[in-house]
Structure formats: structure tokens, C-alpha cells
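Here are the chains, one letter per residue:
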Amino acid sequence: MGGVSKASVEATLTIKLQPVHLDVVDTSGGCGASFDIQVVSAAFEGKRLLERHRLVNAALSEEMKEIHALSIRKALTPQQWKEQQQQQPQVSANVPQQPIEQQKNLTATV
């Protein structure tokens, strides 16, 4: 049986790109033919998006012989990742959230 494992993709990217954040999802149902990747690495500093994607593809050159689909969802620098994390709203577990319909009604009546 061929195919590439999620662990081997993670190991290769960790060794070659030294990411500060890495998320690899096998989207092929376990056969290793399709992966979705988020990677944050200082290796991307000063590089355009296409250059970043080329770095990821080059790092996975051996694995790409068996991977049929690779979706690089995010290829960010550590600074871009930090900024993105700060922009995401923080939801407190102790504060009950209102359903969206109620939020719409509140804004409509104000």
C-alpha cells in the first residue's frame, strides 16, 4: 500500500522549515493522497505567497511523488501569524453567547 502519512508530512516540514505552528490534515480519508496544510515559519520572511508555496512543495519533494492534492491553506511568517491571532475575537467560556438571530434583533431595535 502506497501513500504518505500525516506524521511523515509533519516530520519533513518540521525538519526543513522549522515552523512555529504546523497543522496537517489528511483529507484523503487516511490513504495519504491529499493533505491540507497550515504552516508558519521564519523561512517565509521576505517571500511572496508563490515563493512560500514553492518552499513547501520543495520541502515535500519526495512525498509529492505520492501526494495527489496538497492544499496550502496558510503559509505565514511568525509576525503575520501573531497579528492574525490577535485579530480573532476571544470568546470567554464564562460568558454566554447569544444566538446570531438575537444579536441581529438587538441591533435592529437600537
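Before any of the text, the structure's been laid out above.
Note on numbering: residues in each chain are counted from 1, in written sequence order. Local features in this predicted model are restricted to residues of pLDDT 70 or higher, and side-chain atom pairs are both shown and tallied only at a pLDDT of 80 or more, whereas totals for entire chains, interfaces and linings draw on every residue. Computation of side-chain values: all heavy atoms of the structure, hydrogens and water removed.

Visitor: With reference to specific residues and values, describe the sheet that holds strand β3 (residues 69-76).
Guide: Strand order in this open sheet of 3 strands is β1-β2-β3, and the pairing throughout is mixed. Unpaired on one side and paired on the other, β1 (21-26) and β3 mark the two borders of the sheet. This sheet shows a mean twist of 10° between the axes of neighbouring strands, independent of strand direction. Pairing between strands requires that DSSP locate at least two bridges from one strand to the other. Put simply, DSSP H or I for four residues or longer makes a helix, DSSP E for two residues or longer makes a strand, and each gets a number counted from the N terminus. Sheet topology places β1 next to strand β2 (residues 34-40); 6 bridges connect them, and they run antiparallel. To get an axis, fit a line to the C-alpha atoms, keeping to the stretch in contact for a helix; angles then go from 0 to 180 degrees between the N-to-C directions.

Visitor: Explain the side chain of Thr 77 to me, using residue names and the numbers behind them.
Guide: With respect to the helices and strands, the residue Thr 77 is situated in the loop between β3 and α3 (78-87). Here, two residues are considered to be in contact whenever any of their heavy atoms come within 4.5 Å of each other. When sequence neighbours within four positions are dropped, the list of residues in contact with Thr 77 reads Val 40, Ser 41, Phe 44, Glu 45 and Arg 52.

Visitor: Describe helix α2 (residues 49-59), listing the residues and the values that go with them.
Guide: Working note: α-helix, 3.6 residues per turn, so residues spaced by three or four point in the same direction. By the burial criterion, the buried members of α2 are Arg 52, Val 56 and Ala 59. Within α2, the buried residues cover an arc of 65° as seen down the axis, which keeps them to one side. Summarising the geometry of α2, the exposed residues directed more than 90 degrees from the buried face are Leu 50 and Arg 54. Tucked inside the fold, the buried residues of α2 contact α1 (6-17), β2, β3 and α3. Burial classification: accessible surface area is computed with a 1.4 Å probe over protein chains only, and a residue below 20% of its type maximum counts as buried, one above 50% as exposed, and the rest as partly exposed. The arc under discussion is defined with respect to the helix axis, by the directions toward the C-beta atoms.

Visitor: Can you lay out the environment of Thr 12 for me, pointing to particular residues and giving the numbers?
Guide: With respect to the helices and strands, Thr 12 occurs in helix α1. Residue Thr 12 is classed as buried on the basis of its relative accessible area of 13%.

Visitor: Requested: an account of the pattern of salt bridges, with residues and values cited.
Guide: When a carboxyl oxygen of Asp or Glu lies within 4 Å of a side-chain nitrogen of Lys or Arg, that pair is called a salt bridge. By the definition in use, this model includes 4 salt bridges. In this structure, Asp 23 and Arg 73 form a salt bridge, with 3.7 Å as the shortest nitrogen-oxygen distance. Of this pair, Asp 23 sits in strand β1 while Arg 73 sits in strand β3; the two residues are 50 residues apart in sequence, bridging distant segments of the chain. We note a salt bridge from Glu 62 to Lys 65, for which the minimum N-O separation is 2.9 Å. For Glu 62, a relative accessible area of 52% corresponds to the exposed category. The structure contains a network of salt bridges with shared partners spanning Asp 23, Asp 36 and Arg 73.

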